[in-house]
Amino acid sequence: MAPQAPRRSLINDPNVRAIFFQILVLGGVVLLGWYLVSNVLENLARQNIATGFSFLDREASFAIGETMIPYSPASSYSQALLVGFLNTIKVAVLGIILATILGTIIGIARLSTNFLVAKLASIYVEVIRNVPVLLQLFFWYAVISESLPGPRQALNPVTGVFLSNRGMKFPGLGDDPAWTWVGVALLAAIAGVWLLARWARKRQEATGQQFPVMLGSIGLLLGLPLLAWLAGGAPTQLDIPELQGFNFRGGINISPEFAALLLGLVIYTASFIAEIVRSGIKAVNWGQTEAASALGLHRGEVLRLVVLPQALRIIVPPTTSQYLNLTKNSSLAVAIGYPDLVSVANTTLNQTGQAIEAVSIMMAVYLTISLGISLFMNWYNTRIALVER
Amino acid sequence: MADHISLQGSGSVPSESAGSQVVKPPALALGPLGWVRANLFNSWFNSLLTILILWLGYQVIPPLLDWLFFSSVLPGEGVTNQTCRASGGACWAFIHEKYRLILFGLYPYEEQWRPIASILIIVGLLALSCNRNFWRPWLAAVWAGAAVVVGVLMWGGVLGLPFVRNTLWGGLPLTLILSVVGLVVAFPLSILLALGRRSDLPIVKSICVVYIELIRGVPLITVLFMASVMFPLFLPTGVTIDKLLRAQIGLILFASAYLAEVIRGGLQAIPKGQYEAADSLGLTYWQKTRMIILPQALSITIPPLVNTFIGFFKDTSLVIIIGLFDLMSASKAALTDPAWRGFYKESYLFVAVIYFVFCFFMSKYSQWLEQELHRGHKR
């Protein structure tokens, strides 16, 4: 320290002030926290509610309409919550994929030179964005459960597919070990496509020769599962839904709640993604397209090699927040009776009175999902980001 | 093009004699026909799309118009739910029957002029606040006065107005009150959070970061659940706050986290030179923030702020899940009347139009503001 530094009083020293203010704020927060916690403990003691998560092992004794893992009312609360969590993940993953596809199509449609297409896409965006998503969910749920006929008069647009107010039924794959092998072959084909694309890119970078990756990929994706199917004895048995009594048996079922939730979330989120895609594409300078065409690239190549990589940089960060919004909005399932995490946790809360535990489980799970999606999308974002100096 | 050619004729009116020089534009390049060619049939793919859309429109629009207008049942003498069910069109008689329930909830029937007056005051003030000439300190005073008037109107109990418990409030006034009060209270809170997040003080900063990220990472429903089932546990024994206030607190907590992030964006956009200039003038932190930084940051963030307002206005509909009787709940309640079951399209359409009008005007306003405020930055 320089010896001639002017002496200041402690009150005016910024460092001392900073420490003082921080102690003040921290003290306030700690005091508030202590006050709330002491109130909670007092209230819980008065209402005879035990704290802690021991209730998770108790029998849940409520049924859940839609489960991806074996579950019965005799299962524990933790299993019920797991079922709810998986249902949330199911609707979120499918919703994100479908909303991205629909949003991209509508975003590009808004830029179309066709007047009708562009106008229709803008009307879609304006109307859907300005109506609460919950209202849209109610609407779709009402359309499905009130407008569609009962199982006996179910609509039958294609053989084996039935539409009724109990949901959509369509044929599933019959019980045969060969189908497992087809699935394994499909996974192997996906891995193969990835390796092939890598190898082709390396080869092009090294030698300049192009390899028909697209054709090779399609061949792998179709060929390997087909071979597995033939090797497994080519089973043709399908599990076709049949009307028995008052409801259908067999086949794959999509419940009205799931359909309404997925439809509502996809249509709502797609309108936001469409705007992001549109602004992303518009932000790429037209000169880039002209320059690429001047180099002799054809339309597909211009889009894939020049325009899209630049547009993606603008599109990815806001799309991430839309994915997060879709995942968070899936919690509205509770309003139309789809058994997602919030719905199951709410039932648990009402049965056990463990409000703090149930709400904190909900919050913790959503925080984890949100962090997971942001981490993945940030990783992807840095991968495609522009590397400057 | 025709004008241009006639001007070349040395000021003379183009006559038939000069007809040989006047080249008429090709009929297919100009006029309505040219427009159709350029905008609807400029490539085989676009022609296909146009035909497809026209066909779809032919399939959808006539039945839709028929449902909306031609076969619809208007309210009138002797019109009942039976007439509606027989007609197959939209049942506007249903809306006529239920609009007071949907708009005002369970508010006593003969007192409903009071919520109407409240709605008019709030909407009128919102419209007034859209004008930038009125952004003066007195506007805040007007808002505060309006809050008192709306409170008196809605609760009553003074000036000869019968008292109405707030459990009976519902419909549009409740939606407006929840969103306007939520935003007005959340706004100063969010400014403090945003400043805290940008602060150099590590403890203050981490408290703000944790709060903002915690609230933004979870769905609004869980915040509302927290407000409705956990708040009573947080309060000392014997103290209770009613459901409406709990929901309002939940909405404020939620809105402040989102607004804080928008304002942080504005704060980040202020060049460092502005901070340094303020420091060199010897301003204290709060003087600097109040007079130099915040005015600039807020004016940059007005358009995104309006967008956040729109999102928040729509999100107040979620209070249905904790049992409050807002516009959405009231529209669902109207459908539970056994005589009028199944007219969900009319009910939801009515509510959707109300939400749409509010949100659409706000979004157009934010676009207009963006143009207006960015004049200085335009190239």
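Residues numbered from 1 in each chain as written. Chains lettered and ligands numbered in written order. Predicted model: local features only at pLDDT ≥ 70, side-chain atom pairs only at ≥ 80, totals over all residues. Heavy atoms only, no water.

Overview of the overall build of chain B
Consideration 1: Summing up its helical and strand segments, chain B has 15 helices and zero strands in all.
Consideration 2: On C-alpha atoms alone, chain B measures out to a radius of gyration of 29 Å, which is more than a quarter above the 21 Å that the 2.2 N^0.38 rule sets for 379 residues.
Consideration 3: Overall, chain B is about 100 × 75 × 45 Å in size when its C-alpha atoms are taken along their principal axes.
Consideration 4: Here chain B holds 379 residues, and the buried ones make up 41% of them.
Consideration 5: Counted over contacts in chain B with a minimum sequence separation of 6, partners at least 24 positions apart contribute 68%.
Consideration 6: Of the roughly 20,300 Å² that chain B leaves accessible, carbon and sulfur atoms contribute 68%. (Helix = DSSP H or I, 4+ residues; strand = E, 2+ residues; numbered from the N terminus. Rg over C-alpha atoms; globule rule 2.2 N^0.38 Å. Buried < 20%, exposed > 50% of the residue type's maximum accessible area, 1.4 Å probe, protein only. Contact = heavy atoms within 4.5 Å. Areas by Shrake-Rupley, 256 points an atom, 1.4 Å probe, with all protein chains shown as cover.)

Looking at the overall build of chain A
Consideration 1: Secondary structure summary: chain A contains 12 helices and seven strands in total.
Consideration 2: Here chain A has a C-alpha radius of gyration of 28 Å; the compact-globule value for 389 residues is 21 Å, and the former is much larger.
Consideration 3: Taking all 389 residues of chain A together, the buried fraction comes to 39%.
Consideration 4: Pairs at least 24 residues apart make up 67% of the contacts formed inside chain A by residues separated by at least 6 positions.
Consideration 5: With the model as given, the accessible surface of chain A reaches about 22,100 Å², and the carbon-plus-sulfur share is 66%.
Consideration 6: Distance between charge centres in chain A, computed from 25 positive and 19 negative side chains, equals 11 Å. (Lys, Arg positive; Asp, Glu negative; His and termini not counted. Charge placed at Lys NZ, Arg CZ, Asp CG, Glu CD.)

Side note on the sheet that holds strand 1 (residues 162-164) of chain A
All names here are of chain A.
Consideration 1: As summarised here, the arrangement of the three strands in space is 1-2-7, forming an open sheet in which the pairing is antiparallel. Edge positions in the sheet fall to strand 1 and strand 7 (252-254), since each has one partner strand and no second. Within this sheet the neighbouring strands show an average axis-to-axis angle of 15°, counted without direction. (Pairing = 2+ DSSP bridges. Axes fitted to C-alpha atoms, helices over the stretch in contact; angles between N-to-C directions.)

Here's the deal with the pairing of strand 2 (residues 167-170) of chain A
All names here are of chain A.
Consideration 1: Alignment of strand 1 against strand 2, held across three bridges, turns out to be antiparallel. Each residue of the ladder has a partner; that of L163, found in strand 2, is M168.
Consideration 2: Here strand 2 pairs with strand 7 via three bridges, running antiparallel. Across the sheet, the residue bridging to F170 is I252, located in strand 7.

As for the environment of E126 of chain A
Consideration 1: Secondary-structure assignment places E126 of chain A in helix 3 (residues 115-129).
Consideration 2: The spatial distance from the C-alpha of E126 of chain A to the C-alpha of A60 of chain A is 44 Å, given a sequence separation of 66 residues.
Consideration 3: The contacts of E126 of chain A, once residues within four sequence positions are left out, are F356, F360, S363 and K364 of chain B.

Some points on the environment of S255 of chain A
Residues and elements named next belong to chain A.
Consideration 1: With respect to the helices and strands, S255 occurs in the loop between strand 7 and helix 7 (256-283).
Consideration 2: Using a relative accessible area of 8% as the deciding quantity, one classes S255 as buried.
Consideration 3: It is 17 Å that separates the C-alpha atoms of S255 and Y71, two residues lying 184 residues apart in sequence.
Consideration 4: Apart from the residues lying within four places of it in its own chain, the contact partners of S255 are E66, R166 and G167.
Consideration 5: At 2.7 Å, the side chain of S255 and the side chain of E66 are in polar contact.
Consideration 6: A polar side-chain atom of S255 sits 3.1 Å from the main-chain amide nitrogen of F258. (Polar contact = N/O pair within 3.5 Å; in protein donor to acceptor, adjacent residues only side chain to side chain.)

Examining helix 7 of chain A
Residue and element names in this part refer to chain A.
Consideration 1: Over its 28 residues, helix 7 extends 40 Å from the first C-alpha to the last, a length consistent with the 40 Å expected when each residue adds 1.5 Å.
Consideration 2: Its axis deflected by about 25° at A270, helix 7 carries its strongest bend there.
Consideration 3: Most of helix 7 is tucked away, with 21 of its 28 residues classed as buried. (Expected span 1.5 Å × (residues − 1). Bend = angle between axes of the 7 residues up to and from the residue.)

Section: the interface of chain B and chain A
Consideration 1: Between chain B and chain A, the contact holds 56 residues from the first and 54 residues from the second.
Consideration 2: Both sides of the chain B and chain A interface together cover about 4,700 Å² of buried area, and 73% of this is carbon and sulfur.
Consideration 3: On the surface where chain B and chain A come into contact, there are one salt bridge.
Consideration 4: Linking E126 of chain A and K364 of chain B is a salt bridge whose minimum nitrogen-to-oxygen distance equals 3.7 Å.
Consideration 5: If you look at where chain B meets chain A, you find 13 residue pairs in polar contact (both at pLDDT 80 or more).
Consideration 6: Mapped by element, the contributors of at least two residues to the side of chain B that touches chain A are helix 2 (31-39), helix 3 (44-70), helix 9 (202-216), helix 10 (220-234), helix 13 (285-315), helix 14 (327-334) and helix 15 (344-373) of chain B.
Consideration 7: Per element, the largest residue contribution to the side of chain B that touches chain A is 11 residues, and it comes from helix 15 of chain B.
Consideration 8: Counted by class, the side of chain B that touches chain A contains 39 nonpolar, 10 polar and seven charged residues. (Buried area = accessible area lost by both parts, 1.4 Å probe. Salt bridge = Lys/Arg side-chain N within 4 Å of Asp/Glu carboxyl O. Nonpolar A, V, L, I, M, F, W, Y, C, P; charged D, E, K, R; others polar.)

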